[in-house]
Amino acid sequence: MMSRSSSSKGLARDGVRRSLWAVVLSTLAFVVSMLLPSLMNMQQALEDRKGMIVDGARASELAQSWKHSLADAAIYIGGENALVKLAVILLAVVAGTAMFAYLHDKRKVDFYHSLPVSREKLYLVNFVTGAVCVIAPYLVLRVLTLVCAHAMGFGEAVSVGTYLGVILCDILFFLLLYAMSALSTILCGNTIIALLFQLWVYLAPLAIQMMHEGLLSLYCKTYASMSYSDLFNHLRLSPAATYFMVNGAHYGSGLADNFIRAGKPAYMLLAEYAAAALFIIALGVFAFRRRKSERAGTALAFRPLRLPVKAFMCIVMGTAFAIGFRLIGGKFWLWPGLVFGTVLFHCIIEVIYAFDLRALVKHPVQMLAILAVTALLMVGMQKDVLGYDRWLPDESKVASAGLIDYGNSAAELTEKENIAALCRLAEIGREATLNADSNDTGTVFLESHSLQFAMQNGTVKTRSYKLPVSEEVRSLLHKVYGSSEYKLKSSSLYGLDLDNAHVIDMTFCVNQLKYNSETITDGEKAAEIVKTLREERLTYTEPAKPVMSFNITTDAEANNYANGIVTDRDVKTLALIKKYFGLEPQSIAPDTVSQVELDFYVPAEDTWVGLNVTDRADIAALLKDAVATGTMRMYGSSDFYDLTSFKDNARVNVTPAVEDGCNYYEISYPYDSFPTSIVEKYRPAAEKLAADPYANAATADGDTMVTRSDSLG
């Protein structure tokens, strides 16, 4: 007959009684990470509000301040509190280790395994005991925090539905991480080894992804750094890292990316992790039942796992050392780093397995085999065996696509015409990039752009291409940049809420070579100008010449700032600006420029040569259609991709020097207005100076002497 003390219920009571320390620790952890920060934040907000009232703040200012206070409180109360997430992860490790640490003590193992209780029940009792010791205090503190929030007037900071989603998310991630910790403890025979193994299990996926990205950047010509979407999709195997990217049942603000937007439901992710938690729990039951009692005190409790675990760790660390050595010492040190890292960790792991320093040289054949596999994997990455550079999107399987301009997020384009154009650009770009010679100086059009494709299966692919200047490329870009969908989704102008918000000010820049500007505070007229520009911008698809820039600020809670460019095609907008404020575009006046610098690349000498142009007629011709992209605040403005400072493989930069300031300004031209004839006039002189830097040079007609620019000479 089974005694009460050895029954499942008796074991559970005994486990809870022995684990009161875990309840106390969990309570303290959640008080410090959840309750106290929330109370402190809310108290500070109330004091700030009281101070504003005493100072006589207006009702609108109080309302705006309270909105910000509620948003801040929601971070601490809700699912974006990083302290709570950190506490959950640490408690999962502590509970998972503590509940099964007796397996590492031979005397305790003999005692517990001699009880008339099946291994399955014993596992479940231990697992449930650890879960209850953490989840029960968590729920109590969650309820207490919510009660305090309502009592202090912050009840609307987080809705009940959102709060329940946060609780569900935290519990789910805890169970998953807790199950991973418990399984790791069962697989090991030593507590210290178990903790190190858990650290590896939690962080290895993140480390592998970082190394993979590093190798791609080194050896793949079309590599593009990961966007938030790419990063998130690759981190799914690391729940500890992914945990910080979700806010309850939704994705968190850290994923404010057009392909995975903040606030988007994360139900599928949570379902995947719930299934993973159940699988790992079942795997824990299986491992617990098969684990031999005499394995207590060893490094790994399952001998067949030794070689796979060692090989995996050695390959990862060998690769890590290879990348590290290369970054520090250059290309030569990649292979010494690989050998050193692989051999070093093979020796370390052997010593850990045997708990004996004499095991350093044990299993040399295995070490050589692992080293060979690591080297083959490195060669495979160098040769792009997996076809990263060869990849092309299948148009029928693309859900959305976009261009990443100057590091900005890509606009999520879903219209078939835009997807087709971007897929064709990818095809052209792949061929041009892979076939380009390493010393090729040919003109490229999208040198700082990347193409991003969200596939229907949920993956996101990003590639960076060199697109040659051709009529087909320009035509495809016209289709994308000129489309209404792109303009509506990419321009900050269309994000302004001008119907429910008041315009505070609007600052114009009308002079192409001076930052002097005029600030307008007439909100109604400014709003009318912006609305007119938004409507007018959608009426044409052809490239236009920028003639004026502006910044606008509103009192909206979100999306309250935008910048914009007015072009020569925005006739109605220009007329309104002149009518209301008397402002007109001012082009670059040749008489304000002392000289213009032309920069040529001379392939024969493999060098750049800068020439100072002082001829007044040539300066006037060079500045006739020029646009000062710097003073016009056009950095990163993809709407005007057709502007160029080089053409026809000339590699020319035109930089005027203003007489009164000795400042230099970046100059570009509409593609079809590039002053080719004037530029080519100076090429022979540049080639002569490239061959002999100390020679005198003249233009092709022999009338104008030119000097070499100090900037490139």
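Remember, it's a predicted structure, so these values are computed and weren't measured experimentally.

## A look at the sheet that holds strand β8 (residues 546–554)
Strands sit in the order β7-β6-β8-β9 across an open sheet of 4 strands; the sheet is antiparallel. The sheet is open, and its two edges are formed by β7 (517–520) and β9 (561–567), each paired on a single side. Adjacent strand axes in the sheet meet at a mean angle of 20 degrees, parallel and antiparallel pairs treated alike. In the sheet, strand β6 (residues 503–509) pairs with β7 via 4 bridges, with the strands oriented antiparallel. Directly across from Cys509, in β7, lies its bridge partner Ser517.

## Some words on the nonpolar core
One finds Phe30 and Phe100 to be the most contacted residues of the largest nonpolar core, which totals 103 residues. Of the residues forming this core, the biggest block, 15 residues, is contributed by helix α7 (residues 160–187). In contact with Phe100, other than residues within four places in its own chain, are Tyr123, Asn126, Phe127, Ala182, Thr185, Ile186 and Phe288. One finds Phe600, Leu611, Ala626 and Ile667 within the second-largest nonpolar core, a separate group that totals 27 residues.

## Section: helix α4 (residues 82–100)
Helix length check: α4 (19 residues) gives 28 Å between terminal C-alpha atoms against 27 Å at 1.5 Å per residue, within 8%. Regarding α4, its N-cap is Asn81, as a side-chain oxygen of that residue lies 3.0 Å from the backbone nitrogen of Leu83 further along.

## Observations regarding the confidence of the model for the chain
Scored by pLDDT, the chain has a mean of 84; 86% of the residues are at 70 or more. Under a pLDDT of 50 for its full length, residues 441–445 has, in the predicted model, 23 contacts with residues more than four places off or in other chains.

## Notes on the environment of Leu28
Among the structural elements, Leu28 can be located in helix α2 (residues 20–54). Through-space distance from the C-alpha of Leu28 to that of Pro137 is 9.0 Å; in sequence the pair is 109 residues apart.

## A word on a positive patch on the surface
Together, Arg290, Lys292, Arg303 and Lys362 make up a positively charged patch on the protein surface. Mapped onto the secondary structure, Arg290 falls in helix α11 (residues 267–290). The exposed category is assigned to Arg290, whose relative accessible area is 52%.

## Focus on the pairing of strand β15 (residues 667–670)
Across 2 bridges, strand β12 (residues 627–628) lies against β15 in antiparallel orientation. Considered in β15, the bridge of Ala628 is made with Ile667. Alignment of strand β13 (residues 643–644) against β15, held across 2 bridges, turns out to be antiparallel. Counterpart to Leu643 in the pairing with β15 is Pro670.

Rules used in this analysis
Residues numbered from 1 in each chain as written. Predicted model: local features only at pLDDT ≥ 70, side-chain atom pairs only at ≥ 80, totals over all residues. Heavy atoms only, no water. Pairing = 2+ DSSP bridges. Helix = DSSP H or I, 4+ residues; strand = E, 2+ residues; numbered from the N terminus. Axes fitted to C-alpha atoms, helices over the stretch in contact; angles between N-to-C directions. Core = buried A, V, L, I, M, F, W, Y, C linked by side-chain atoms within 4.5 Å. Buried < 20%, exposed > 50% of the residue type's maximum accessible area, 1.4 Å probe, protein only. Contact = heavy atoms within 4.5 Å. Expected span 1.5 Å × (residues − 1). Polar contact = N/O pair within 3.5 Å; in protein donor to acceptor, adjacent residues only side chain to side chain. pLDDT = per-residue confidence, 0-100. Patch = residues over 30% accessible without salt bridge, like charges linked within 9 Å, V, L, I, M, F, W, Y side chains within 5 Å. Areas by Shrake-Rupley, 256 points an atom, 1.4 Å probe, with all protein chains shown as cover. Salt bridge = Lys/Arg side-chain N within 4 Å of Asp/Glu carboxyl O. Lys, Arg positive; Asp, Glu negative; His and termini not counted. Charge placed at Lys NZ, Arg CZ, Asp CG, Glu CD.

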